[in-house]
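Architecture and fold: a report
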Amino acid sequence: GLHYAHELKDRDGALLDLVHRDVSPQNILVSYDGAIKVTDFGIAKAAGRLQTTRTGQAKGKLSYMSPEQVFAQPLDRRSDIFALGIVLYEATLNRRLFKNESELESLQRIVAADVPPPREVDPRYPVELERIVLKALQKKPGDRFQTARDMQRDLERYLAKTGSPVGTAEVAELM
């Protein structure tokens, strides 16, 4: 869903350069039929958009912001990939990544991309999954997955190697 949004084009076929800016667990819904939906594009940004926010104003949930989003720098799809990496980290370790005692501490950790490797948190964490999570959470956008599709493909290859592929039927069964 995120890749689809990032690939949206205008009438002339030019990319809209859509950035969700609020990828978080609250905005990822799983339906009973196994479909996964990315919702709430209320603060999404697109190039050439008529309605703009004030310059220098960060948008989104603090605990799911990328380092460049914290500084209200220009964003692209890779900022959403960082946020998706946070969601994956938290979902697979069942612990928050950038939720700290104070907002200042959270901001400092995000800006530094201070990410404890999953295997330090849980030594049983799969090495290949750790590689995927840490790639999504790289401080520099150029070091992350360049598209959500690239991240999806790596996750699907990982699942195939484990012998337990997960598709809509398996998700529906879980629901």
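The following paragraphs examine the structure supplied in this document.

The rules we used
- For every chain, the first residue of the written sequence is number 1, and numbering continues from 1 along that sequence.
- Whole-chain, interface and lining totals are the exception, using all residues; otherwise, since this is a predicted model, local features are given only for residues with pLDDT of at least 70 and side-chain atom pairs are given and counted only at 80 or more.
- To obtain the side-chain values, all non-hydrogen atoms of the structure were used and water was disregarded.
- Site definitions follow a grid-based scheme: protein atoms alone, a 1 Å grid, a 1.4 Å probe that fits but cannot get out for cavities, and for pockets an open set with protein on both sides within 12 Å along at least five of seven lines, plus lining residues having an atom within 4 Å of a point.
- Grid points are joined across faces, edges and corners, and a volume is the space filled by probe spheres set on the points.
- Helix and strand assignments come from DSSP, with helices taken as H or I runs of at least 4 residues and strands as E runs of at least 2, each series counted from the N terminus.
- Charged means Asp, Glu, Lys or Arg here, nonpolar means Ala, Val, Leu, Ile, Met, Phe, Trp, Tyr, Cys or Pro, and polar covers whatever is left, Gly included.
- Note on definitions: angles span 0 to 180 degrees between N-to-C directions of axes, and those axes are lines fitted to C-alpha atoms, for helices only across the stretch in contact.
- An angle counts as roughly parallel when it lies under 35 degrees, as roughly antiparallel when it exceeds 145, as roughly perpendicular when it falls between 65 and 115, and as oblique in every other case.
- Only heavy atoms matter for contacts: two residues are in contact if any of them lie within 4.5 Å across the pair.

**Points about the layout of surface pockets**
Roughly 1,200 Å³ of internal volume is contained in the largest pocket. Lining the largest pocket are 33 residues; nearest its centre among them are Ile36, Leu84, Leu88, Gln152 and Leu155. Put simply, the parts of the chain that give the lining of the largest pocket at least two residues each are helix 1 (2–6), strand 1 (28–30), strand 2 (36–38), helix 3 (77–93), helix 7 (148–162) and helix 8 (168–174). Here the lining of the largest pocket gets 9 residues from one element, more than from any other, and that element is helix 7. For the lining of the largest pocket, the residue count by class is 24 nonpolar, 7 polar and 2 charged.

**A few points about the packing of helix 6 (residues 127–136) against helix 7**
Interaxial distance between helix 6 and helix 7 falls to 10 Å at its minimum, and their mutual angle equals 170 degrees. The orientation of helix 6 with respect to helix 7, classified from their angle, is roughly antiparallel. Across the interface between the two elements, Glu128, Leu129, Arg131, Ile132 and Ala136 from helix 6 touch Met151, Asp154, Leu155 and Tyr158 from helix 7. Here the residues of the contact of helix 6 with helix 7 sort into 6 nonpolar, no polar and 3 charged.

These results come straight from atomic positions and should not be treated as a statement about function.
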